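# Architecture at a glance
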Amino acid sequence: ATLILAGCAGGGGDAGGDGGSGGGDDGYNIAFVQGVAGDEFYISMQCGIEEAAKEAGATVQVQGPEKFDPTLQKPIVDALVASKPDALLIAPTDVTAMQAPIQAAADAGIKVVLVDTTLEDPSMAVSQIASDNEGGGAAAFEAIQKAHPEGGKVLVVSIDPGISTSDARGEGFEKAVAEDSKFESLGIEYSHNEPAEAARIVTAALQANPDIVGIFAANLFAAEGTATGIQQAGKQGEVTVVGFDAGPAQVEALRNDVVQALVAQEPATIGKDGVAQALAALEGDATEEKIQTGFTVITKENIDTDGADAVYKST
Ligand code: T6T
C-alpha cells in the first residue's frame with residue numbers, strides 16, 4: 001500500500017509505521033482517494049481515516065490526483081477497481097464525470113463511501129458523509145452581513161461548477177444574499193482551484209467594483225488567492241473576506257486581518273465516520289445513507305477558544 005504520511009495528531013505523522021495502520025493479512029484494505037493531493041482538508045481527513053483504520057486493524061492506501069480534476073481522478077479509480085481493495089472512500093471531483101468510474105468500483109464488489117463531495121446519483125454508495133455545505137455558505141454571508149449592516153456588493157470565488165460541495169456553498173450564500181435587499185450579488189466566479197486565478201479574479205473584480213464589501217472564498221485555494229488579491233489591492237480590513245476551510249495559512253490570514261472569518265469543516269470526523277460506514281458495510285451491518293458533519297465559524301474573537309481545534313493539519 002502507498003501511504004502518504006501527513007502530520008497527524010501528536011506530530012509524529014507515522015500512521016503507517018510499526019504496526020501502524022497495518023492490520024495484517026486478515027484486516028480490511030481501505031483505499032482513500034482524495035479530491036486533490038496536498039490539500040490540507042484531505043490531509044486532515046486522511047488523519048481521521050488512518051486513526052479509525054488503525055483501531056480496527058485495517059490498512060489504508062491513500063492517493064490523490066495532482067489537480068481537482070475528474071480526468072486525473074478517474075484513472076486512479078480505474079486502477080483501484082483492478083487491484084480491488086475491500087472499500088473505497090472517495091471525494092468525487094465532479095458530480096457527473098466520476099459517476100461511471102465509481103459505479104464500476106461498486107459493481108466490482110468494492111464498498112463505496114462518498115466523503116466530502118458526492119455524485120448526481122450516489123445510490124451505489126453505502127454512505128455519503130459531508131458537511132452542511134449549504135448552511136456553511138449561508139453562515140459565510142451572515143458574517144459579511146454582520147460586518148456591513150448597511151449592505152453592498154458581494155462576490156463568490158468558487159472552484160468549478162459540478163462540484164457538489166462548493167456548488168452547495170455558493171447556493172447557500174446566494175440564497176441568503178437574496179433575502180437581504182441591501183445586498184447585491186456580483187455572482188460566482190470560478191478559480192479552477194488555482195490560487196493565482198482566484199487572486200486574478202479578485203483583482204479584476206475590485207477594479208471593476210471598488211465598492212465591494214464582501215467576498216466569500218468557497219474553499220482553501222480560493223481563499224488563498226483571495227487573500228493575495230485583497231492584499232495586492234490594499235483593501236485588507238476594508239473588504240470582509242470569509243473563507244471556507246481553516247488551513248494554517250488561512251488562520252494566519254485571519255490573525256493578520258486579511259480574512260475576517262473562516263467556516264471550518266470537520267474533515268477528520270468525515271474520515272472517521274467514513275471508515276466506520278465502510279467497516280459496517282463489510283461486516284454486513286446497517287449503514288447510514290447520509291451523515292452530515294458540523295462546521296465552526298472561526299473569527300479573531302474565538303480562534304483561541306473554540307476555533308483552535310478546528311485548524312487543519314498540514315504536511
Ligand atoms: O473545501 C474542501 C472540500 O470540502 C471541497 O470539496 C474541495 O476543497 C477543499 O478540499 C479545500 O481545498
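The residue count restarts for each chain, going from 1 along the sequence in the order it is written. At least 70 in pLDDT is required for a residue's local features to be given in this predicted model, at least 80 for side-chain atom pairs to be given and counted, and no such filter applies to totals for whole chains, interfaces and linings, which use all residues. Each side-chain value is derived from all of the structure's non-hydrogen atoms; neither hydrogens nor water enter the calculation.

## A short note on the site of the ligand
The environment of the ligand is formed by 14 residues, the closest being Asp-39, Asp-116, Thr-165, Arg-169 and Asp-245. A 3.5 Å cut-off defines polar contacts: any pair of N or O atoms within that distance qualifies, except that in protein one atom must be a possible hydrogen donor and the other a possible acceptor, and neighbouring residues in sequence count only when both atoms are side-chain atoms. Asp-116 places a side-chain nitrogen or oxygen 2.7 Å from an oxygen atom of the ligand. Interatomic distance of 3.0 Å between a side-chain N/O atom of Gln-265 and an oxygen atom of the ligand. Expressed as a share of its isolated accessible area of 300 Å², the protein-covered part of the ligand is 100%. For this scheme, ten residues count as nonpolar: Ala, Val, Leu, Ile, Met, Phe, Trp, Tyr, Cys and Pro. Four count as charged, namely Asp, Glu, Lys and Arg, and the remainder, Gly too, count as polar. Looking at side-chain class alone, the shell around the ligand contains 6 nonpolar, 4 polar and 4 charged residues. One heavy atom suffices: a residue is near a molecule or strand as soon as one of its heavy atoms comes within 4 Å of it. Only the protein chains shown count as cover for residues, and the accessible areas themselves come from Shrake-Rupley with a 1.4 Å probe.

## Some thoughts on the side chain of Lys-153
In DSSP terms, a helix is any run of H or I states spanning at least four residues, a strand is any run of E spanning at least two, and both are numbered starting from the N terminus. Assignment of secondary structure puts Lys-153 in strand S6 (residues 152–158). Only 3.0 Å separates the side chain of Lys-153 from the side chain of Asn-209, close enough to count as a polar contact. Of note is the side chain of Lys-153, whose polar atom sits 3.2 Å from the side chain of Asp-211. Beyond its immediate chain neighbours, meaning those up to four positions away, Lys-153 contacts Glu-184, Leu-186, Asn-209, Asp-211, Ile-212, Val-213 and Gly-214. Throughout, a contact is declared for two residues whenever any of their heavy atoms are within 4.5 Å.

## Some remarks on the environment of Val-60
Inspection of the secondary structure assignment puts Val-60 in strand S2 (residues 59–63). Expressed as a C-alpha distance, the spacing of Val-60 and Phe-32, which sit 28 residues apart in the sequence, is 7.1 Å.

## A word on the sheet that holds strand S1 (residues 29–33)
Across the sheet, 6 strands lie side by side as S2-S1-S3-S4-S5-S11; this open sheet has parallel pairing. Only two strands of the sheet have a single partner each, and these edge strands are S2 and strand S11 (290–293). With strand direction ignored, the average angle separating the axes of adjacent strands in the sheet is 15°. At least two bridges found by DSSP between two strands is the condition for calling them paired. Pairing of strand S5 (residues 127–131) with S11, which is carried by 4 bridges, proceeds in the parallel orientation. Looking at S11, one finds that Ser-131 is bridged to Thr-293. Where helices are involved, their axes are fitted lines through C-alpha atoms of the stretch in contact, as for all axes, and angles between N-to-C directions lie from 0 to 180°.

## Notes on the environment of Gln-103
Tracing the backbone through its elements, the reader meets Gln-103 in helix H3 (residues 99–107). For the pair Gln-103 and Pro-122, spaced 19 residues apart in sequence, the C-alpha separation works out to 8.9 Å.

## Points about helix H9 (residues 267–282)
Residues separated by three or four positions in an α-helix point in the same direction, a consequence of the helix having 3.6 residues per turn. Compared with an ideal rise of 1.5 Å per residue, which puts 16 residues at 22 Å, H9 spans 23 Å between its outermost C-alpha atoms and is within 8% of the ideal. Classification of residues uses two cut-offs on accessible area relative to the type maximum, computed with a 1.4 Å probe and protein chains only: under 20% is buried, over 50% is exposed, and between them is partly exposed. Turning to H9, its buried residues number three or more, namely Pro-267, Ile-270, Gly-271, Gly-274, Val-275, Gln-277, Ala-278, Leu-279, Ala-280 and Ala-281. Buried-residue contacts for H9 involve S1, helix H1 (40–56), strand S3 (87–90), strand S4 (111–115), S5 and S11. A positive phi of about 80° marks Gly-284, the residue just after H9. Every helix has an expected span of 1.5 Å times one less than the residues it contains.

## Brief notes about the side chain of Gln-265
Position of Gln-265 relative to the elements: it lies in the loop between strand S10 (261–264) and H9. By relative accessible area, which is 3% here, Gln-265 ends up buried. A distance of 2.8 Å separates the side chain of Gln-265 from the side chain of Asp-245, its partner in a polar contact.

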